[in-house]
Amino acid sequence: IKYSKRSETCYCLSDGEVSVVSPSGSISSIKLKSKGSASLFSIRGDDKLMVVCVDSTHLEVVDLEKRKSISAFKVGDNVHGLLYSSTGHIHVVTSTQYIRFDTVGQIVDQSGFSSTVDHAFLLSEESALVRKNGVYSFFNASVPVDISLDVGSIDCAAVSDTFLVTGL
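Below is a summary of the structure that appears in this document. (Residues numbered from 1 in each chain as written. Predicted model: local features only at pLDDT ≥ 70, side-chain atom pairs only at ≥ 80, totals over all residues. Heavy atoms only, no water.)

### Topic: the overall build of the protein chain
- A tally of helices and strands in the protein chain yields zero helices and 18 strands.
- A compact globule built from 168 residues should have a C-alpha radius of gyration of about 15 Å, and the protein chain, at 16 Å, falls within 12% of that.
- Each principal axis of the C-alpha atoms in the protein chain carries an extent, and together these give about 45 × 30 × 30 Å.
- Relative to its full complement of 168 residues, the protein chain shows a buried share of 43%.
- When contacts within the protein chain are restricted to residue pairs at least 6 apart in sequence, those whose partners lie at least 24 apart make up 28%.
- A total of about 8700 Å² of accessible surface is found on the protein chain, and carbon and sulfur atoms cover 49% of it. (Helix = DSSP H or I, 4+ residues; strand = E, 2+ residues; numbered from the N terminus. Rg over C-alpha atoms; globule rule 2.2 N^0.38 Å. Buried < 20%, exposed > 50% of the residue type's maximum accessible area, 1.4 Å probe, protein only. Contact = heavy atoms within 4.5 Å. Areas by Shrake-Rupley, 256 points an atom, 1.4 Å probe, with all protein chains shown as cover.)

### Quick notes on the sheet that holds strand β5 (residues 38-43)
- Taken together, four strands build an open sheet; the order of strands is β5-β6-β7-β8 and the sheet is antiparallel. Every other strand in the sheet has two partners, leaving β5 and β8 (68-74) as the edge strands with one partner each. Strand after strand, the sheet turns through a mean of 20 degrees between neighbouring axes, direction not considered.
- Examined bridge by bridge, strand β7 (residues 58-63) and β8 share six bridges and lie antiparallel to one another. Residue Glu60 lies in a different strand from β8, and its bridge partner there is Ala72. (Pairing = 2+ DSSP bridges. Axes fitted to C-alpha atoms, helices over the stretch in contact; angles between N-to-C directions.)

### A look at the sheet that holds strand β9 (residues 79-84)
- Taken together, the four strands give an open sheet; going across it, the order is β9-β10-β11-β12, and neighbouring strands pair in antiparallel fashion. In the strand order of this sheet, the two ends are held by β9 and β12 (107-112), each with one partner. Each strand of the sheet is rotated relative to its neighbour by a mean of 15 degrees, with strand direction disregarded.
- Here β9 pairs with strand β10 (residues 90-94) via five bridges, running antiparallel. Note that in β10 the partner of Val79 across the bridge is Thr94.

### What about the side chain of Arg131?
- With respect to the helices and strands, Arg131 occurs in strand β14 (residues 127-132).
- One polar contact links Arg131 to Tyr136, side chain to side chain, over a distance of 3.5 Å.
- In this structure Arg131 touches Thr116, Val117, Asp118, His119, Tyr136, Gly152 and Ser153, once residues within four positions along its chain are discounted. (Polar contact = N/O pair within 3.5 Å; in protein donor to acceptor, adjacent residues only side chain to side chain.)

### Some words on the pattern of salt bridges
- Per the counting criterion, the structure on display carries four salt bridges.
- With a shortest N-O distance of 3.1 Å, Lys31 and Glu17 are connected by a salt bridge. Placement of the pair is Lys31 in strand β4 (residues 27-31) and Glu17 in strand β3 (residues 17-21), with a sequence separation of 14 residues.
- Residue Lys31 is classed as exposed on the basis of its relative accessible area, which comes to 60%.
- In this structure, Arg131 and Asp118 form a salt bridge, with 2.6 Å as the shortest nitrogen-oxygen distance. With Arg131 in strand β14 and Asp118 in strand β13 (residues 117-122), the pair connects residues that are 13 residues apart, well separated along the chain.
- What makes Arg131 buried here is its relative accessible area of 16%.
- For Asp118, a relative accessible area of 35% puts it in the partly exposed group. (Salt bridge = Lys/Arg side-chain N within 4 Å of Asp/Glu carboxyl O.)

### A short note on the packing of aromatic side chains
- Considering all chains together, one arrives at one aromatic pair under this definition.
- Centroid distance Phe73 to Phe101: 5.1 Å. Interplanar angle 50 degrees. Geometry classified as tilted. A residue pair is termed long-range when its members are at least 10 positions apart, and Phe73 in strand β8 and Phe101 in strand β11 (residues 97-101) qualify at 28 residues. (Phe/Tyr/Trp six-rings, centres within 6.5 Å; stacked < 30°, edge-to-face > 60°.)

### Focus on the pairing of β5
- By the bridge criterion, five bridges tie β5 to strand β6 (residues 49-54) in an arrangement that is antiparallel. The residue bridging Ala38 from the neighbouring strand is Val54, located in β6.
- Hairpin connection, β5 to β6: the antiparallel pair is bridged by five residues, and Asp47 has positive phi, about 60 degrees.

Given below as structure tokens:
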């Protein structure tokens, strides 16, 4: 089960559904179209839509207000990082490429990696922490920085204007 608390509402993922726990304690479930294990999710900044990764290769967009799935599509490669941006795009890091989708699964743009990615955190629309060949690299599109971290495994990461914070 994956869990996140946002705006005093809790979201829990399990096989085939998303459970939503409101601040009052009421629980509702949203059935996913995709069958399998839900592993990653990201919520759009306005808390109205969520994207869920199912079985590492499928993405599903869920309308949190209407409590229903609105689109599902296959990515084609293992998803390692996922971000639903404030612009309404779904940013995805797979084993071989970065892809930006719209909410119905149409590719907006994409680019390949020089080597295979085995773990990733999309931290914002402009920054990512990606592990290739056992070494994490931090990228920021608006600031000329490229930092490498040889730390093995990172469990969580966050970024601000001045800091990159990781949990080992």
